[in-house]
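# Close look at the chain arrangement
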Amino acid sequence: MADRVTVIGWDGSPLTDAARSALGAATLVAGAAHHLALPEVPATAERIRLGSVGLAARRIAGHRGTAVVLADGDPGFFGVVRTLRAPEFGLEVEVVPGVSSVAAAFARAGMPWDDAHVVVAHPRTLRRAVNVCRAHPKVAVLTSPGAGPAELGLLLEGVHRTFVICEELGTAREQVTVVTSDKAADHTWRDPNLVIVIGGTAGASEDGGWIAGRDPSAGPRGWTLPAESYGGLVGEGELEPLRAAQLARLGPRMGDLVWDIGCGSGAFATEAARAGAAVIAVDRDPRACDRTESNARALGVQLQVVQGTAPHVLENLPEPDVVRVGGGGAAVVSAVADRRPQRIVTHAATRDEAEIVGRDLTEHGYRVECALLQSVELDTRAWTERERSVAFLLSGLLPDRTP
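None of the values given here were measured: they were computed from a predicted structure. (Residues numbered from 1 in each chain as written. Predicted model: local features only at pLDDT ≥ 70, side-chain atom pairs only at ≥ 80, totals over all residues. Heavy atoms only, no water.)

## Considering the sheet that holds strand β2 (residues 28-31)
Strand order in this open sheet of 5 strands is β3-β2-β4-β1-β5, and the pairing throughout is parallel. Both edges of this open sheet fall to β3 (46-49) and β5 (93-96), since each of them pairs with a single strand only. Going across the sheet, the axis of each strand differs from the next one's by a mean of 20°, ignoring polarity. As paired elements, β2 and strand β4 (residues 66-72) share 3 bridges and run parallel to each other. (Pairing = 2+ DSSP bridges. Helix = DSSP H or I, 4+ residues; strand = E, 2+ residues; numbered from the N terminus. Axes fitted to C-alpha atoms, helices over the stretch in contact; angles between N-to-C directions.)

## Here we look at the packing of helix α8 (residues 240-250) against helix α9 (residues 267-274)
Axes are the key here: two packed helices are described by the angle between their axes and the distance separating the axes. With their axes 11 Å apart at the nearest point, α8 and α9 run at an angle of 45° to one another. It follows from the interaxial angle that α8 and α9 lie oblique. Here α8 and α9 pass one another in a crossing that is right-handed. For the pair formed by α8 and α9, the contact residues are R243, Q246, L247 and L250 on the first element and A267, F268, E271 and A272 on the second. Looking at side-chain class alone, the contact of α8 with α9 contains 5 nonpolar, 1 polar and 2 charged residues. (Parallel < 35°, antiparallel > 145°, perpendicular 65-115°, else oblique. Left-handed = near helix turned anticlockwise from the far one by under 90°. Contact = heavy atoms within 4.5 Å. Nonpolar A, V, L, I, M, F, W, Y, C, P; charged D, E, K, R; others polar.)

## Remarks on the side chain of Q246
Examined against the element boundaries, Q246 turns out to sit in helix α8. Apart from residues lying up to four places away in sequence, Q246 is in contact with G237, F268, R324, V345, T346, H347 and L393.

## A look at a nonpolar patch on the surface
A grouping of F77, F78 and W113 is seen on the molecular surface, where their side chains present a nonpolar patch of about 290 Å² in accessible area. Along the polypeptide, F78 turns up in the loop between β4 and α4 (81-84). (Patch = residues over 30% accessible without salt bridge, like charges linked within 9 Å, V, L, I, M, F, W, Y side chains within 5 Å. Areas by Shrake-Rupley, 256 points an atom, 1.4 Å probe, with all protein chains shown as cover. Salt bridge = Lys/Arg side-chain N within 4 Å of Asp/Glu carboxyl O.)

## Overview of the layout of surface pockets
Of the volumes computed, that of the largest pocket is approximately 1400 Å³. Along its surface, the largest pocket is lined by 44 residues, and D72, F78, S101, T143 and P192 are the ones closest to its centre. Elements that contribute at least two residues to the lining of the largest pocket include exactly α2 (33-36), β4, α4, α5 (101-109) and β10 (193-198). Partitioned by chemical class, the residues of the lining of the largest pocket number 20 nonpolar, 16 polar and 8 charged. (1 Å grid on protein atoms, 1.4 Å probe; cavity = no way out; pocket = protein on both sides within 12 Å on 5 of 7 lines; lining within 4 Å. Points joined across faces, edges and corners; volume = space filled by probe spheres on them.)

## Quick look at the nonpolar core
Formed by 26 residues in total, the largest nonpolar core has its most connected members in W259, I261, L314, V325 and V336. Counting residues per element, the ones that place at least two in this core are β11 (257-261), β12 (278-283), β14 (322-325), α11 (329-338), β15 (343-348), α12 (351-363) and β17 (384-397). The element best represented in this core is α11, accounting for 4 residues. If sequence neighbours within four positions are ignored, L314 has contacts with W259, I261, V282, V336 and R339. With 21 residues, the next largest nonpolar core counts A245, A272, A273 and A281 among its residues. (Core = buried A, V, L, I, M, F, W, Y, C linked by side-chain atoms within 4.5 Å. Buried < 20%, exposed > 50% of the residue type's maximum accessible area, 1.4 Å probe, protein only.)

Don't take any of this as a statement about function, it's just geometry.
As structure tokens, then:
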């Protein structure tokens, strides 16, 4: 096993004394090509071109001597330190950090970033990264080949964002470019690069807030809010007890894309967005679309509103993770099931309607649950009945989709 492993973060600035000392004593140095070309790397040291960090860690674990791993920025922030410290390698790691690429990018842009979300985009995680950019006003995206600025821009179609694209930070070829998201695919971008995605409502308060990223305490407390929060104009399928049950069944979360079909006042769409998910709200009524946009804006969340009649309007929408069908009946539920979201929730007024929808979901391979929900609102001044609602709640879970 290596006697000592030092991980040095390099941000393009001169190495610190601690980093120079560690490199001078190294008998093995691992890093990318531009790291291994640094003049401080001893000529006698064994060199490993860093591709797979796991394979490099095995080489280091079997090395007798002093090892140094060079990485860009802060290697403890979405970097190599996590892999090197994995129990199977048994390595004791000392870290000499540099300025992270995220911090450097926001510094170049002259912007604070304590209110930003930071995501990693690989081809396998690109869609989730895009959903975070849809849902939140300030996101830093650590890109990779095949999941860069052009791909982000293409997948954000229909949502206006501003990109601050930082190429090859800390090198002589560093370049910072500001473009709108719809123009990002018109260019070829050099790797490595990082994208700051800006747009929508404001993030942290003027005093900087108290927690990094989105403030979970912003807005009124509660997973669902009373009808008064939406101007008192909610339909029968949007009553708070039913909304609460639908949210519980779908479980929207950050990185998800939620469709709310037949959004009405936008109550459910807004509450899914408050949970951190990206939301596309659909309704054929332009007045419902306007109310949805207004309510979302009032509660400090952002979502995309699409006017049109389902199921036809759904054809060009990006793939959803979970879907609420608030209107359109069995035909819309069937069209949604064809898109294979992980979870679908809807409601029916009668048992016969519920059975038709449930059978169709079962034929699509969903595991179906149905419950009869009855709620009675009481006037607590006289303890008399004020309002009664009854609905069949249907939910479908696709077993072959990972949670």
